[in-house]
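Working through the structure, step by step
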Amino acid sequence: MFDVGVIATVGFVGAAFASRARVPIIIGYIIAGMLIGPNIHFHLFGWSYDGILADSLFLQSISQLGLVLLLFFVGLEFSITKLMRTKEAAAVLAVTNLAVNMFAGFVIGAWLGWPLIDTIFMAGVISMSSSAITAKSLIDLKRLGNAETEFLLGMVILESFLAMFLLTLVNGMIVPSDTPVNVGLLFGGVGLFIGFFALLAAVVVPRTAAIFERIKNEELFVLFALGTVFLAASLAEAFRIPAIVGAFFMGMVFADTRIAGRMKVKMESLRDAFVAIFFLTFGMLIDPAALGSVLPMLAIAVPLILLNDLFLTASLAYFIGFSGRASTAIGTSLVARNEEAILYATVGARAIRANPQLSNDYAGTYLTPFAGILCIVMSSLAPILMGRSNRIAAFFANRLPKSLRFGAELVKRTLKTVIMPNFLPIYRRKRLFQASLIFYAAWIIDLTVTTGAAHLAMSLLTPVLVFGVWASARHAFREPVRHTNYGVDGGPFSRSTIETFVLRIVVGALAIVGLVAILWQYYWPVTLVILYAYFLVVVFSMKVVHRRLGLGITRRVARVRLVRHMPTARSWRAASGMRR
């Protein structure tokens, strides 16, 4: 009773101070948990303070309930119908942003000398954008009606789904068991688990939702909702999958039903109470003495996150068809790190500590304080950057060289017809290109995780796949290039130059990704040199195409002046070139 009373009271105080300071309430919970946890120790004038609460099994169990309810609500927002409206644009942005941020996490883990399993959880913490802070900031800034918001929310939701899938696989590989883990059986179990919930969503729930809607008694309805959530969580654990993933999928099952809104209303207070306990207990796990050790990690992670979200992801959003302001708004909205990152850190630290074959010297010790401080820093920066996104866009628009703006506009007008939703029949050829991208992405994932002779064999076959992607891209870009107005001379030379330039940028990026996946296992620092060299190639290519095609897009068209009155004879003489 004392533990619950202290947790509730301190959580209230922390949330009150966070609200007054206009920072996310979750930050108040984390700091309050650090101040009452067992890891804080200081002495002053003969008086010592060693925290108020211990890290008890009771508090950890309650916090687990909060985590399950939190992921259930995240699943309720994962509407397949809403996601299908965003289509390829959200998928391209989500996969690219997640992959680049995870690559940054791998760079940090390799630089620190961490083992592979610990590095994977580190990469997960760095790559997880906060859907809660993003949504709240969009509401505060009154941007829910903006054209890019639907794509942004679809992107964040898809990232959460991909992260849950990856977390499922990694957790299944390191959870201790009596028998060695069979990767094939693990993938099969995950497939059966996902297939079961797909059956629920497609067949069972749509036919039985009307029965659930007839439950008029609110107490019965809440018990029904809690039963489905925690039974799904227990089913996930039976498949050696984290319980939170089961709750997430159960939320997805009910997302497109009419009772989803009723679940949110009736369970919201219960969720908030248990989620507050989760973040407070997470703060209790943070050892303030370890903060000095994680500062070098933060000094690298924060600039890398800003580089990826503010520049790379925003640039990609511009390339596929968004305006400069919309692209910057998307980039700044992804900066926050909060509940998803803490989720990764919590599951990773617990799984590593529970496995006696793994060392606690890395992620088991430093991942929790690193995730806590990273969330505090990035969640404080996100609302500031989102509020100034228009200024940031104007700043770069006024200072980028004309050649870069010209080249970026050529890529944008081409990819917009291939990536963004459209209904014209001349652009249906893009399906082959999309299929090749999906296959190539799966190939790169396999190439990254394989070792030895299999890795060498796949490395030798990668150029063949790059050529196939190039051929499908050329097939998909030919008609858009022919029918798109680029603002330059529409002759065959110009169209051929534009097609070659766009193919060089797009297929070159995919080839560089493959080269990084090949060389990563041998000597990872060389990958940074390769990425920088590709950046220089892009800049040089934009300058060349700008020089060849002129300033057709960036040149201002002279205004046409209308002449009100002109004598007829004088006009005839001027037109015929005669003089008086």
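Along every chain, residues carry numbers that run from 1 in the direction the sequence is written. Where local features are concerned, this predicted model is filtered to residues with pLDDT of at least 70; where side-chain atom pairs are given and counted, the filter is 80 or more; whole-chain, interface and lining totals use all residues. Side-chain measures were taken over the full set of non-hydrogen atoms in the model, leaving aside hydrogen atoms and water.

Where helix α17 (residues 402-419) contacts helix α19 (residues 452-483), the axes come no closer than 9 Å and their chain directions differ by 120 degrees. α19 is crossed by α17, and the crossing has right-handed handedness. Here α17 contributes T414, L415, T417 and V418 to the contact with α19, which in turn contributes A476, F477, P480 and V481. We call Asp, Glu, Lys and Arg charged. Ala, Val, Leu, Ile, Met, Phe, Trp, Tyr, Cys and Pro are nonpolar, and the rest, Gly among them, are polar. Its residues assigned to classes, the contact of α17 with α19 shows 6 nonpolar, 2 polar and no charged. Lines are fitted to the C-alpha atoms to define the axes, a helix being fitted only along its stretch in contact, and any angle between axes, read from their N-to-C directions, falls within 0 to 180 degrees. Helical segments are the DSSP runs of H or I of at least four residues, strand segments are the runs of E of at least two, and each set is numbered from the N terminus. Note: crossing handedness is left-handed where the near helix turns anticlockwise from the far helix by less than a right angle, and right-handed where it turns clockwise. Whether two residues are in contact is decided by their heavy atoms, any of which lying within 4.5 Å being enough.

A few words on the nonpolar core. Put simply, buried Ala, Val, Leu, Ile, Met, Phe, Trp, Tyr and Cys residues joined by side-chain atoms within 4.5 Å make one nonpolar core. Only protein chains enter the calculation, and the probe is 1.4 Å; a residue is then buried if its accessible area is under 20% of its type maximum, exposed if over 50%, and partly exposed in between. Counting 102 residues, the largest nonpolar core has F72, V125, I244, F254, M263 and F370 as the members making the most contacts within it. With residues near it in sequence (within four places) discarded, I244 still touches L67, V68, L71, L167, L343 and V347. Counting residues in hydrophobic clusters, the runner-up holds 61 residues, among them A90, M386, I419 and L503.

The next point concerns the confidence of the model for the protein chain. Confidence per residue, as judged by the predictor, is encoded in pLDDT with a range of 0 to 100. Looking at the protein chain, pLDDT values average 78 and 84% of them are 70 or higher. Every residue in residues 552-580 is under pLDDT 50, and counting partners more than four places away or in other chains gives 16 contacts.

Residue position: T228 is located in helix α9 (residues 218-238). On the basis of relative accessible area, T228 is assigned to the buried category, the value being 17%. Sequence-distant contacts of T228, defined by excluding residues within four places in its chain, comprise M250 and F254.

Turning our attention to the pattern of salt bridges. Definition used for salt bridges: Asp or Glu carboxyl oxygen within 4 Å of a side-chain nitrogen of Lys or Arg. One pass over the full model with this rule turns up 7 salt bridges. Of the charged contacts in the structure, one is a salt bridge between E218 and R262, with a shortest N-O distance of 3.5 Å. Residue E218 is located in helix α9, and its partner R262 is located in helix α11 (residues 260-285); the two are separated by 44 residues in the primary sequence. Residue E218 is classed as partly exposed on the basis of its relative accessible area of 34%.

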